[in-house]
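Spelled out, the chains give:
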Amino acid sequence: MNINRAARPRVLLTALAAGTLLLSSACNDNAAPSQDKAAGTAATAVPTATPTPTPKPTGADDPALKPFYGQQIAWAACPADPQAEKAKIDISGMQCGKLHVPLDYANASKDALDIALIRLPAAKPDQKVGSLMVNPGGPGESGIDMVKYGVKDFTGALHNRFDIVGFDPRGTGDSSPIVCYDDKQRDALDQTDEPLDPAARKAQHDKIATDHAAACQAKAGKLLPFVGTRNTARDMDVLRAAVGDKKLNYLGVSYGTYLGSLYAEEFPKYAGRLILDGAVDPAADSLDEGVNQQIGFEKSFERFAADCVNNHDGECPLGSDPDQAAKKAADFLDGLRDHPLTTKDGRKLGSDLAWTGTTRLLYGDEKTSWQYLRNALGWAMKRGVGDSLLAFADDYNGRDQNGHYNASQEALGAIRCADIASPAPTPDKAQQVVAKLKAEAPLLSKGVSVDDYTEPGCAHWPFQTTEKPHTIRAEGADPILVVGSTGDPATPYAAAESLAKGFANATLLTRVGEGHGAFGKGNACIDQAYEAYLTEGKLPAPGTRCS
């Protein structure tokens, strides 16, 4: 997926659908890109109210849900995966299956859908604690991919003591994916740089957002009202019961923290050991959180650029002045609007795609992802070769080497609109936002205008949610472990502090370092804390910081 530069609504489907900035996303932070549908003329959808959900789901105690809670999953060998084979990932010990869930929990006897699953059985079944369910974020990312392609991250106590269970949430991956465009349409959208003129930019945004809503309504209208995170949390409780666990053990990264928080709110007595890593604060105003994210990426970009000049002189293309390095990079990326680079497959690397590739690498840590970014900028700035930046933008956007897109972007927008009701900011609020962005994120917010903040979120979307930001207490849940990273640009550390403070019973664990999320970063202190908590229920001491 792309990340907006503040209120400049790039041609990313999520911002077009939601009309707001993205809160979070999870990527395989330290990996290079993998080597391996037309409805634009549909009638404009008219917003309607989302069908009323069950106000307080009773879960397994609801007679209408007993068939779902009592089901047996038919686990079997996973189908062959050429991408895993190419990456030399052995999936022979993994099992795949499906979970049958209601489309609408308020009308469970009507339509249903299947949730795609994967399981990595515990390596030491005689010492097994239970299942560990995982979610990588997004929303829209694949839990199946998290287990399959991130299997090394579970090596050791987690794989030994748990069945690692991943699933594609409803509307994503292989679980009734929301697909609104064909691949050629996605290419065209992603290669379109937004206008610099605020009025022209707003007109373009409104048109594409309206077309986007109509396309998704035409292709997936029946599913759209039911893809919100609360329904995914309910699916997760059905899955908990189906795998035979009395309580849910869970690791959620980025948006996955929001999913875990809602699970704890909906089903506190079944909330076991939950790790919420790279926190989204459910009480935060979505506009404020988007602005804070923008500032977080600006600061990360500045730290990367200064590190490039100070510590990597031989390979850094950003000059010799650390105070001007970030501006030099930003000026180059902005300049690609008028002077795009041609890549080996014939596509153009314009400004928005180049910023997307750059942002993708700011999600990672300083040891690996920053090296990729130095190299990618070096090829583009010194040699006029944009293939590396484009490859990382493709990775972010869910585009493989064959030009096929996954459904993560369409799903992200649909889920965000099902989750967040974002009213239009007042004129005073819009002025405050613009002033803050210009002061604290001037490079990533170049050209930002109050005209970019005139509509409520999801104004063009065919279904409107009644969900509102609120503090989640999760009274009655087991102690929750919240994890924040001090240099996290996507979900700034303050969100982890707020989330932990809001829970009735939670401990905050801090990773001191760059990049989004702590899981899979190779930090021994973090890994040991996760293992102790999940296998023994032992929480780190309050105030623990892992460097």
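Residues numbered from 1 in each chain as written. Predicted model: local features only at pLDDT ≥ 70, side-chain atom pairs only at ≥ 80, totals over all residues. Heavy atoms only, no water.

**A word on the overall build of the protein**
On a plain count of helices and strands, the protein comes out with 18 helices and 14 strands. By element, 52% of the accessible surface of the protein is carried by carbon and sulfur atoms, the whole surface being about 20,700 Å². (Helix = DSSP H or I, 4+ residues; strand = E, 2+ residues; numbered from the N terminus. Areas by Shrake-Rupley, 256 points an atom, 1.4 Å probe, with all protein chains shown as cover.)

**Quick word on the sheet that holds strand β6 (residues 162–167)**
Strands sit in the order β2-β3-β4-β6-β5-β7-β8-β12-β13-β14 across an open sheet of 10 strands; the sheet is mixed. Sheet topology places β2 (76–77) and β14 (545–546) at the edges, where each strand pairs with a single neighbour. In the sheet, strand β8 (residues 271–277) pairs with strand β12 (residues 480–487) via three bridges, with the strands oriented parallel. In the strand pairing of β12, Leu276 is matched with Val482. The strands touched by helix α8 (residues 229–242) are β3 (95–102), β4 (112–120), β5 (130–135), β6 and β7 (248–253); relative to β3, the strand with the most contacts, the crossing angle is about 125 degrees. (Pairing = 2+ DSSP bridges. Contact = heavy atoms within 4.5 Å. Axes fitted to C-alpha atoms, helices over the stretch in contact; angles between N-to-C directions.)

**Section: α8**
Residues that lie three or four places apart on an α-helix share one face, since the helix turns once every 3.6 residues. With 14 residues, α8 ought to run about 20 Å at 1.5 Å a step, and its terminal C-alpha atoms sit 20 Å apart, in line with that. Across the 14 residues that make up α8, a large majority, 13, are buried. Where α8 terminates, the next one or two residues include Gly244, which has phi positive at roughly 85 degrees. (Expected span 1.5 Å × (residues − 1). Buried < 20%, exposed > 50% of the residue type's maximum accessible area, 1.4 Å probe, protein only.)

**Quick look at the state of the cysteines**
On inspection of all chains with the given rule, the structure shows five disulfides. Here Cys180 is linked by a disulfide to Cys216, with a sulfur-sulfur distance of 2.0 Å. Its S-S torsion of approximately 110 degrees makes the covalent link between Cys180 and Cys216 right-handed. Placement of Cys180 in the loop between β6 and α6 (183–190) and of Cys216 in helix α7 (residues 198–220) is noted, with a sequence separation of 36 residues between them. Cys180 gets classed as buried once you look at its relative accessible area, which sits at 0%. Judged by its relative accessible area of 0%, Cys216 falls in the buried class. Cys308 shares a disulfide with Cys316; S-S distance 2.1 Å. Taking the sign of the S-S torsion, 120 degrees for the link of Cys308 and Cys316, the bridge is right-handed. Comparing Cys308 with Cys316 shows no difference in burial state: the two are buried. (Disulfide = S-S within 2.5 Å.)

**Some details on the pattern of salt bridges**
Side chains carrying opposite charge are able to pair once their charged atoms draw close together. According to the stated counting rule, one finds 30 salt bridges in the structure shown. Of the charged contacts, one joins Arg201 and Asp452 as a salt bridge, the two residues approaching to 2.8 Å between their closest N and O atoms. Note that Arg201 is positioned in helix α7 and Asp452 in the loop between α16 (427–440) and β11 (463–464), a separation of 251 residues in sequence. Asp452 matches Arg201 in its accessibility class, with the two residues each being buried. Of the charged contacts in the structure, one is a salt bridge between Lys202 and Glu455, with a shortest N-O distance of 3.8 Å. Note that Lys202 is positioned in helix α7 and Glu455 in the loop between α16 and β11, a separation of 253 residues in sequence. Given the relative accessible area of 26%, Lys202 is considered partly exposed. According to the relative accessible area criterion, Glu455 is partly exposed, its value standing at 25%. Several salt bridges share partner residues, and in doing so they unite Asp187, Asp345, Arg347, Asp394 and Arg399 into one network. (Salt bridge = Lys/Arg side-chain N within 4 Å of Asp/Glu carboxyl O.)

**Overview of helix α18 (residues 524–536)**
When the terminal C-alpha atoms of α18 are compared, their 17 Å separation across 13 residues agrees well with the 18 Å that a helix rising 1.5 Å per residue should span. Residues of α18 that are buried: Ile526, Ala529, Tyr530, Tyr533, Leu534 and Thr535. In this structure Asn523 caps α18, since a side-chain oxygen of it lies 3.0 Å from the backbone nitrogen of Cys525. Phi turns positive one or two residues past the end of α18, at Gly537, with a value near 75 degrees. (Polar contact = N/O pair within 3.5 Å; in protein donor to acceptor, adjacent residues only side chain to side chain.)

**Topic: the packing of helix α12 (residues 351–362) against helix α14 (residues 387–397)**
Two numbers describe how α12 lies on α14: the axes approach to 7 Å, and their chain directions differ by 75 degrees. When the axis of α12 is compared with that of α14, the two are roughly perpendicular. The residues of α14 that touch α12, namely those facing Leu353, Ala354, Thr356, Gly357, Thr358, Thr359, Arg360 and Leu361, are Leu389, Leu390, Phe392, Ala393, Asp395, Tyr396 and Asn397. Of the residues belonging to the contact of α12 with α14, the class tally is eight nonpolar, five polar and two charged. (Parallel < 35°, antiparallel > 145°, perpendicular 65-115°, else oblique. Nonpolar A, V, L, I, M, F, W, Y, C, P; charged D, E, K, R; others polar.)

**Topic: the pairing of β3**
Here is the key point about a regular strand: its side chains alternate between the two faces of the sheet. Pairing analysis gives two bridges linking β2 to β3, with the strands arranged antiparallel. Counted as the bridge partner of Ala77 is Gln95 from β3. Bridge count between β3 and β4: eight bridges; the pairing is antiparallel. Across the sheet, the residue bridging to Cys96 is Ile118, located in β4.

**Points about the packing of aromatic side chains**
Scanning all chains against the criterion turns up nine aromatic pairs. Here Tyr372 and Phe392 contribute two aromatic rings whose centre-to-centre distance is 5.7 Å and whose plane-to-plane angle is 45 degrees, an arrangement assigned as tilted. One end of the pair, Tyr372, is in helix α13 (residues 369–383); the other, Phe392, is in helix α14, and 20 residues separate them in sequence. Taking relative accessible area as the criterion, Tyr372 reaches 27% and is therefore assigned partly exposed. Positioned over the ring face of Tyr270 is Arg240, at 4.0 Å from the centre of the ring. (Phe/Tyr/Trp six-rings, centres within 6.5 Å; stacked < 30°, edge-to-face > 60°. Lys NZ or Arg CZ within 6 Å of the ring centre and 35° of its normal.)

**Overview of the environment of Leu65**
On the secondary structure map, Leu65 appears in the loop between β1 (48–49) and α2 (66–69). Along the chain, Leu65 and Ser109 lie 44 residues apart, while their C-alpha atoms are 8.4 Å from each other. Beyond its immediate sequence surroundings of up to four residues, Leu65 is in contact with Gly59, Pro102, Tyr105 and Ala108.

**Focus on the nonpolar core**
Counting residues in hydrophobic clusters, the biggest one holds 66 residues, and the most contacted among them are Leu99 and Trp461. Sort the elements by how many residues they give to this core and helix α9 (residues 255–266) lands first, with six residues. Every residue in contact with Leu99, bar those within four places of it in the chain, is listed here: Gln71, Ile73, Leu113, Asp114, Ile115, Leu117, Asp235, Val238, Leu239 and Ala242. Ranked by size, the runner-up nonpolar core spans 36 residues in total, among them Ala325, Leu377, Leu389 and Tyr396. (Core = buried A, V, L, I, M, F, W, Y, C linked by side-chain atoms within 4.5 Å.)

**Side note on unusual backbone geometry**
Residue Pro139 follows Gly138 across a cis peptide bond; omega there is -5 degrees. Mapped onto the elements, Pro139 comes out in the loop between β5 and α4 (143–149). The backbone of Ser176 sits at a positive phi, close to 50 degrees, despite the residue not being glycine. Note that Ser176 resides in the loop between β6 and α6. Although it is not a glycine, Ser254 sits at a positive phi angle of roughly 60 degrees.

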